[in-house]
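Remarks on the overall topology
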Amino acid sequence: MDFELNEDLRLIRDMAREFAEKELMPRATGHDRNGTIDPEVFEKIGELGFWGLTTPEEYGGAGMGSVALSVVLEELNRACASTGVTVSVHNSLLGTPLGKFGTDAQKERYFPKLATGETIGAYCLTEANAGSDAASLRCRAEDKGDSFLVNGEKVWVTNAAWAGLFLVYVRTDENASRAKGISALLVPSDTPGLTVEKAEKKCGIRGSATNVVQFSDVLVPKDALLGELNGGFQVAMDTLDGGRIGIASQAVGIGRACLEASIKYSKEREQFNQPIGNFQAIQWKLADMSTRLEASRMLVRQAAWTRDRGAPCTQESAQAKLFASRTANFCADECLQIHGGAGYTDDFHVERLFRDARITEIYEGATDIQRLIIARKLLA
Ligand code: CAA
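Residues numbered from 1 in each chain as written. Predicted model: local features only at pLDDT ≥ 70, side-chain atom pairs only at ≥ 80, totals over all residues. Heavy atoms only, no water.

**Notes on unusual backbone geometry**
- Backbone geometry places arginine 178, a non-glycine residue, at a positive phi of 40 degrees.
- For arginine 178, the location among the structural elements is in the loop between strand 4 (165-171) and strand 5 (182-188).
- Even without being glycine, isoleucine 205 reaches a positive phi, approximately 35 degrees.
- Its place among the elements puts isoleucine 205 in the loop between strand 6 (194-199) and strand 7 (210-221). (Helix = DSSP H or I, 4+ residues; strand = E, 2+ residues; numbered from the N terminus.)

Printed below as a string of structure tokens:
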């Protein structure tokens, strides 16, 4: 057993770390305050090849897997969680299912531009009344011979504002029960009738784009079907097995930023004539943060490694997300407490970390959904 990253992974981690420290850390507060990500960041991510990290090499990508993505995402999210989730969704919620379920024609059409970031990907599953209960979705695709006619509304669509390609889950069989009547469609953003609507004003990850997406009489050719007709729910769930590893990696990155800020402040801040790091109350917080982060990273690596082997990883990815997202929030809370009043102001980036951490327990399956998934596996 080897816990070391191999040379390729170390190289890519160092590239991601350098980029994150030089380009993302100085911009993260601006991304948060301006509610967007600087366009140069998109370009630089393209130059580094991170948009195409998991795109197969024959289509211009790096052809790497979940472990590589998780290593990169930890570094990006340590600096800027808004950028981190954007890269995560693009790779894990669009690129990965395209590679796994797409036809050659679909891959040839979309992968080259996804690999460079010329096209950004988004994933449309959730609806106003279908959140945790994804199988109850109502967005409808009527069979019109060569095409589907899509009508409905999707919410909480990460990347919608800058996406060129949407993976949309629709109901193709009204008579089939729940998950059995759902299909996945690849829909380019310029398809008539598709409109990106209301941008959500969020507590955290404010630089990332989260919108409502409307489908009004959108004609989608049948060759846009990803995977089997009425097999879309399996595509959605398999994709989320990978996506959750991305969010768990985000949580580790945010938690690590909290630990690093806490260590720095504990050495600088003096009270009772000494650095607060001399006090056991602070030392125990640092020790617990570090230990839980190490355990989170191990769960993330194990889940990613399992996925890269092509083995089922539903339980592993749910456990990684459950534990890492709880840990990110624990670390953010302790970090803010260590910073006291200063941490509660925007003089420090700690309050942003506190807000950014919160979403990791909500999106791509809330904490209680991860527990449900794990428990179902244990009891099966
Ligand atoms: N891989 C492949 N297939 C799977 C699967 C998986 N991991 N999990 C379930 N399935 C299959 C089942 O085998 C079953 O197929 P059969 O009918 O052929 O047996 C089918 O899917 C239905 O499965 P369930 O009976 O388990 O379905 P359920 O309705 O009980 O729901 C759930 C399961 C786990 C609660 C699911 O609805 C879920 O994950 N909910 C959370 C939704 C979620 O994570 N949303 C996040 C949206 S994306 C997001 O946040 C976006 C972002 O932009 C960041």
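Next comes the rest of the description.
**Concerning the site of the ligand**
- Close to the ligand lie 26 residues; Ser132, Thr158, Arg178, Lys180 and Arg244 are nearest.
- Measuring from a nitrogen atom of the ligand, one finds a backbone N or O atom of serine 132 at 2.7 Å.
- Between the ligand and the protein, one listed contact pairs an oxygen atom with a backbone N or O atom of glycine 365 at 2.9 Å.
- Calculation on the ligand without its partners gives an accessible area of 1100 Å², and the protein chains cover 73% of this total.
- Of all the secondary-structure elements, those providing two or more residues to the shell around the ligand are strand 3 (147-158), helix 6 (232-268) and helix 10 (367-379).
- Considering only residue class, the shell around the ligand consists of 12 nonpolar, seven polar and seven charged.
- In this structure, the shell around the ligand is formed jointly by two domains, domain 2 (122-231) and domain 3 (233-379), each of which donates at least three residues. (Near = heavy atom within 4 Å. Polar contact = N/O pair within 3.5 Å; in protein donor to acceptor, adjacent residues only side chain to side chain. Areas by Shrake-Rupley, 256 points an atom, 1.4 Å probe, with all protein chains shown as cover. Nonpolar A, V, L, I, M, F, W, Y, C, P; charged D, E, K, R; others polar. Domains from an automatic or database assignment.)

**Observations regarding the packing of aromatic side chains**
- Counted by the stated rule, this structure contains six aromatic pairs.
- Judged by centre distance (5.4 Å) and plane angle (35 degrees), the ring pair of tyrosine 59 and phenylalanine 111 falls under tilted. Taken together, the positions of tyrosine 59 in the loop between helix 2 (39-48) and helix 3 (66-79) and phenylalanine 111 in helix 5 (residues 104-116) put the pair 52 residues apart, joining distant regions of the chain. Of the two residues, tyrosine 59 and phenylalanine 111, neither departs from the other in class, the shared state being buried. (Phe/Tyr/Trp six-rings, centres within 6.5 Å; stacked < 30°, edge-to-face > 60°. Buried < 20%, exposed > 50% of the residue type's maximum accessible area, 1.4 Å probe, protein only.)

**Some thoughts on the packing of helix 4 (residues 81-101) against helix 6**
- The N-to-C vectors of helix 4 and helix 6 enclose an angle of 155 degrees; their axes lie 9 Å apart at closest approach. Compared by their axis directions, helix 4 and helix 6 come out roughly antiparallel. Like other packed secondary-structure pairs, helix 4 and helix 6 cross with a definite hand, here right-handed. Side by side, helix 4 and helix 6 meet where Ala81, Val85, Ser88, Ser92, Leu93, Pro97, Lys100 and Phe101 of the first sit next to Val235, Asp238, Thr239, Leu240, Gly242, Gly243, Gly246, Ile247, Gln250 and Ile254 of the second.
- Here the contact of helix 4 with helix 6 is built from residues that sort into nine nonpolar, seven polar and two charged. (Axes fitted to C-alpha atoms, helices over the stretch in contact; angles between N-to-C directions. Parallel < 35°, antiparallel > 145°, perpendicular 65-115°, else oblique. Left-handed = near helix turned anticlockwise from the far one by under 90°. Contact = heavy atoms within 4.5 Å.)

**Section: the domain arrangement of the chain**
- For the chain, the assigned domains are domain 1 (7-120), domain 2 (122-231) and domain 3 (233-379).
- Between the C-alpha centres of domain 1 and domain 2 the distance comes to 22 Å.
- In this assembly, 24 residues from domain 1 lie in contact with 21 residues from domain 2.
- Summing both partners gives a buried area of about 1800 Å² for domain 1 against domain 2, and 67% of it is carried by carbon and sulfur.
- Our enumeration of links across domain 1 and domain 2 arrives at zero salt bridges.
- Broken down by secondary-structure element, the contributors of at least two residues to the side of domain 1 that touches domain 2 are helix 1 (7-34), helix 4 and helix 5.
- The element that contributes the greatest number of residues to the side of domain 1 that touches domain 2 is helix 4, accounting for 11 residues.
- Considering only residue class, the side of domain 1 that touches domain 2 consists of 13 nonpolar, nine polar and two charged. (Buried area = accessible area lost by both parts, 1.4 Å probe. Salt bridge = Lys/Arg side-chain N within 4 Å of Asp/Glu carboxyl O.)

**A look at the pattern of salt bridges**
- Inspection of the entire model under this criterion finds 32 salt bridges.
- Salt-bridge contacts for glutamate 334 lead to lysine 285; the nearest nitrogen and oxygen are separated by 3.2 Å. Taken together, the positions of glutamate 334 in helix 8 (residues 314-343) and lysine 285 in helix 7 (residues 280-308) put the pair 49 residues apart, joining distant regions of the chain. Per residue, the accessibility class of glutamate 334 equals that of lysine 285, and both read buried.
- In the salt-bridge network here, residues are joined through shared partners; they are Arg17, Glu21, Glu74, Glu75, Arg78, Arg256, Glu260, Glu294 and Arg297.

**Examining the environment of methionine 64**
- Inspection of the secondary structure assignment puts methionine 64 in the loop between helix 2 and helix 3.
- Of the residues examined, methionine 64 reaches a relative accessible area of 22% and is grouped as partly exposed.
- Each C-alpha atom of the pair methionine 64 and leucine 53 lies 5.7 Å from the other, and the pair is 11 residues apart in sequence.

**Points about the pairing of strand 3**
- Sheet topology note: the strand 2 (residues 140-143)/strand 3 ladder contains four bridges and is antiparallel. Bridging from a neighbouring strand, glutamate 142 pairs with leucine 149 of strand 3.
- Of the strand pairs in this sheet, strand 3 and strand 7 are connected by nine bridges, and their pairing is antiparallel. What sits directly across from phenylalanine 148, in strand 7, is valine 220. (Pairing = 2+ DSSP bridges.)

**Here we look at a nonpolar patch on the surface**
- Side chains of Met1, Phe3 and Met298 sit close together on the surface and give an oily, nonpolar patch of about 430 Å² of accessible area.
- Within the secondary structure, methionine 298 is located in helix 7.
- Since its relative accessible area comes to 38%, methionine 298 is described here as partly exposed. (Patch = residues over 30% accessible without salt bridge, like charges linked within 9 Å, V, L, I, M, F, W, Y side chains within 5 Å.)

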